[in-house]
Amino acid sequence: MYIYIVDTIKNQLVSCYVRGYETMKMSWSVAVTLMMVMMVVVSSGGANVSYDGRSLMIDGERKMLFSGSIHYPRSTPDMWPSLISKAKEGGIDVIETYVFWNLHEPQLGQYDFSGRRDIVAFIKQIQAQGLYACLRIGPYIEGEWTYGGFPFWLHDVPGVVFRSNNEPFKFYMQNFTTKIVNLMKSEGLYASQGGPIILSQIENEYQNVEKAFGEDGPPYVSWAAEMAVGLQTGVPWCMCKQDDAPDPVINACNGLRCGETFTGPNSPNKPSIWTENWTSFYQVYGQNATLRSAEDMAYHVALFIARKNGTFINYYMYHGGTNFGRTAAEYMITSYYDQAPLDEYGLIRQPKWGHLKELHEAVKLCSETILSVFPSMQSLGEQQEAYVFSKDSGACAAFLVNMDNTRSVVQFQNSSYELPRKSISILPDCKTAAFNTAKVSTQFNTRITIPAIKFDAAEKWEQFEEVIPQFDATTLRSDVLLEHMNTTKDVSDYLWYTFSIQQDSMEQQSTLSVKSLGHVLHAFVNGEHVGSLHGRFRNTAFTLEGAVSLNQGTNNISLLSATVGLPDSGSFLERRALGVESVIIEDSKEAKNITNLSWGYQVGLLGEKLQIYSLEESKSAYWSSLGSSQPLTWYKSVFDAPKGDDPVALNLGSMGKGEAWVNGQSIGRYWVSFRTLAGIPSQTWYNVPRSFLQPGDNLLVLFEEETGNPLDITIDTISVTKPSLRKLV
């Protein structure tokens, strides 16, 4: 609150000076105005958020804060209260979220804060449940979110270079950051105004790419910090993975093992904070899920507190949720951090949720002692240490650390303690172990799916075959191959490349070779599918080769390039290229490079243009009875909502690749055919929020790129088994 008042008075003084007043001789009316401003701030319940070398402080009181990431657009507004409540019950003090620029400003100057985009309602729900908020504005976020959160129109700003000391980029970055800050201020959501926001973040993991920008890197960091602080939110700012974050911005750690890897605050006056403690890992199509145990998470949290003096720890993610629509970054599955303490559907995942809850409770038992002093370290063996927090009053807390991969018995203050392998025991009174990170007492549960609705009869389905465009039907033309993203402007995943060639001789076999920069390609010759291929995560380029038959006369070649999300990371993101790079047709006589012929383009699909996935437009499209499975087919059915309140999912295990809509709302891309090395889909069930459904006659529409079987699709309900106790470590 003090910071906010001082900033307000300072602004008034400057304003007076600019208008020609002498600040030492302010009029009585100006003084009264300032007093009224102070009274308003005080009456609003504003808090003074500051920090020192030990922790964040709220109204001068040091805080040990556990935070959890819940991203408002990856869930639905009706889910927010339950998610926040379960996080609070799990010992979470702060809810952290990114701010998603491309959702809020999809077109330059046109803002959207409705529905899942309603960040104000989300922050107010956090406040209503008595928790704090951390706002990671970025506005570059990465986050496995398409284009790293940047709106694609930013790509077309003349001379722009993302995330560098580049005037066009800085202009629009500052505009959006200011827009969000002013929105939060207008709603009184900063702690300095009585709201829940106690911490903000500018930029995101910039140190990972800073060297690539050369001399334009460091000035950009300084500018971003100064710009953010200049917005006068009354709460601190941080930068994650930026060891040289300029004062007063706090440098923070992201990663799995910040208790081991964090270099520490870059000033003795800054606290040690961890903005991303990964509870799992993001997953991409074609790869197995990589899990992280509750024991490992708890160990590294306790180690960060003991060894790095950590007092702010954010779990990324506490609830991951769903990448609805086309929001996932390239190759990312639609489900996001499903292995978090709260799973994709908002169900509690045990033992992770319960084990962390017990950790939080144990730390809070001695947080006053921890926050009062810095610990001393005592060696208890080659791989064993004790971190002791001891106050003059006699209060004492200890963290006994066993870094070894074998069990160890240690002596501490004349008592013996058995420490399991790779574990930490927390002794709130330096005597009794209240918690050990490797001893899981929380009961385990298992998620189960129960089929509720089957679509197993042909009469339940209708289909619409996508039209394959030919060169003569296209209006967008070019004598060179166009880059995919720059042509579609991210209004669709799909771009048709078409051309025609003359064949003088009778039908003959030729070889078609198409080099693509990614992500997916489907090739058609005279309307017939002749082949498909795709790249992989971080290896997006590929070459599709195959034998084709060309007729005498005109032959139409149609190539459908498809993206699976836009890239979200790396330097010079605006220079990334996707789509067809070269085309060669070779017969027994010669190889023809088609690259520099005249090309015809079509952005998107006919079904997209007609919006046949929507409730109204689906009625006017020409649907036919279900026939044989063909590539590029739309499917439609209707269903009643499953009874009860359990979460609902669409089982697409029988399909190939495409996108699904329920009542006109996209539940995301699916890619069941891209299997892991073990031969299983990366994702089979796709979240259908209850808020998307009506009691009856729900419209289900799928666009299938390959040749899936809709007759085996089911609507399932999701629940968890009753917890069962497993053997303690």
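The coordinates are above.
Residues numbered from 1 in each chain as written. Predicted model: local features only at pLDDT ≥ 70, side-chain atom pairs only at ≥ 80, totals over all residues. Heavy atoms only, no water.

Engineer: Account for helix α7 (residues 217-229), with residues named and values stated.
Structural biologist: Taking 1.5 Å of rise per residue, 13 residues should cover 18 Å, and α7 covers 19 Å from first to last C-alpha, within 8% of that figure. Among all positions of α7, only G217, Y220, V221, W223, A224, A225, M227 and A228 are buried. On its buried face, α7 sits against α6 (167-186), β7 (197-202) and β8 (237-240). (Helix = DSSP H or I, 4+ residues; strand = E, 2+ residues; numbered from the N terminus. Expected span 1.5 Å × (residues − 1). Buried < 20%, exposed > 50% of the residue type's maximum accessible area, 1.4 Å probe, protein only. Contact = heavy atoms within 4.5 Å.)

Engineer: Pulling in residues and values, what's your account of the sheet that holds strand β18 (residues 435-436)?
Structural biologist: Within the open sheet, the five strands sit side by side as β12-β13-β14-β17-β18. Their pairing is antiparallel. This sheet does not close on itself; its edge strands, each paired only once, are β12 (376-381) and β18. Pairing of strand β17 (residues 423-427) with β18 involves two bridges; the strand directions are antiparallel. Among the inter-strand pairings, I426 is bridged to a residue of β18, identified as F435. Across the face of the sheet, helix α9 (residues 294-307) comes into contact with β13 (384-390), β14 (396-402), β17 and β18 while running at roughly 125° to β14. (Pairing = 2+ DSSP bridges. Axes fitted to C-alpha atoms, helices over the stretch in contact; angles between N-to-C directions.)

Engineer: Any chance you could break down the environment of I70 for me, citing the residues and the numbers?
Structural biologist: With respect to the element layout, I70 can be found in strand β4 (residues 65-70). Placed 27 residues apart in sequence, I70 and T97 show a C-alpha to C-alpha distance of 5.8 Å.

Engineer: Tell me about the nonpolar core, residues and numbers included.
Structural biologist: If you look at the biggest cluster of nonpolar residues, it comprises 125 residues, and the most contacted ones within it are I123, L135, M184 and F399. Here this core gets nine residues from one element, more than from any other, and that element is α9. Apart from the residues within four sequence positions on either side, L135 is in contact with T97, V99, I119, I123, I180, M184, Y190, I197, L199, S200 and Q201. Core analysis: the next-biggest nonpolar cluster, separate from the first, contains 52 residues, Y494, L605, V662 and F703 among them. (Core = buried A, V, L, I, M, F, W, Y, C linked by side-chain atoms within 4.5 Å.)

Engineer: Got a sec to walk through the layout of surface pockets? Specific residues and values, please.
Structural biologist: By volume, the largest pocket is sized at about 1,000 Å³. Lining the largest pocket we find 32 residues, and of these L103, R117, R326, T327 and D490 sit closest to its centre. Every element with two or more residues in the lining of the largest pocket is listed here: α4 (101-104), β34 (657-662) and β35 (665-671). Across the lining of the largest pocket, the residue classes tally to 14 nonpolar, ten polar and eight charged. Taken together, 35 residues form the lining of the second largest pocket, with D338, Q339, R349, R447 and S682 sitting closest to its centre. Secondary structure elements with two or more residues in the lining of the second largest pocket: β19 (447-454) and β38 (714-720). (1 Å grid on protein atoms, 1.4 Å probe; cavity = no way out; pocket = protein on both sides within 12 Å on 5 of 7 lines; lining within 4 Å. Points joined across faces, edges and corners; volume = space filled by probe spheres on them. Nonpolar A, V, L, I, M, F, W, Y, C, P; charged D, E, K, R; others polar.)

Engineer: Pulling in residues and values, what's your account of the state of the cysteines?
Structural biologist: Summed over the entire model, instances satisfying the criterion amount to two disulfides. Across the disulfide, C253 is cross-linked to C258 (sulfur-sulfur distance 2.1 Å). For the disulfide bridge between C253 and C258, the dihedral angle about the S-S bond is near -85°, and by the sign convention the bridge is left-handed. Disulfide pairing places C396 opposite C430 at an S-S distance of 1.9 Å. Negative torsions about the S-S bond denote left-handed disulfides, and the value of about -65° found for C396 with C430 makes this one left-handed. Residue C396 is found in strand β14, and its partner C430 is found in the loop between β17 and β18; the two are separated by 34 residues along the sequence. For the pair shown, C396 and C430 are each scored as buried. Take the cysteines of the protein that form disulfides and number them in order along the sequence; they join up as 1-2, 3-4. Free of any disulfide, C240 has its nearest neighbouring cysteine sulfur in C238, separated by 6.8 Å. Judged by its relative accessible area of 1%, C240 falls in the buried class. (Disulfide = S-S within 2.5 Å.)

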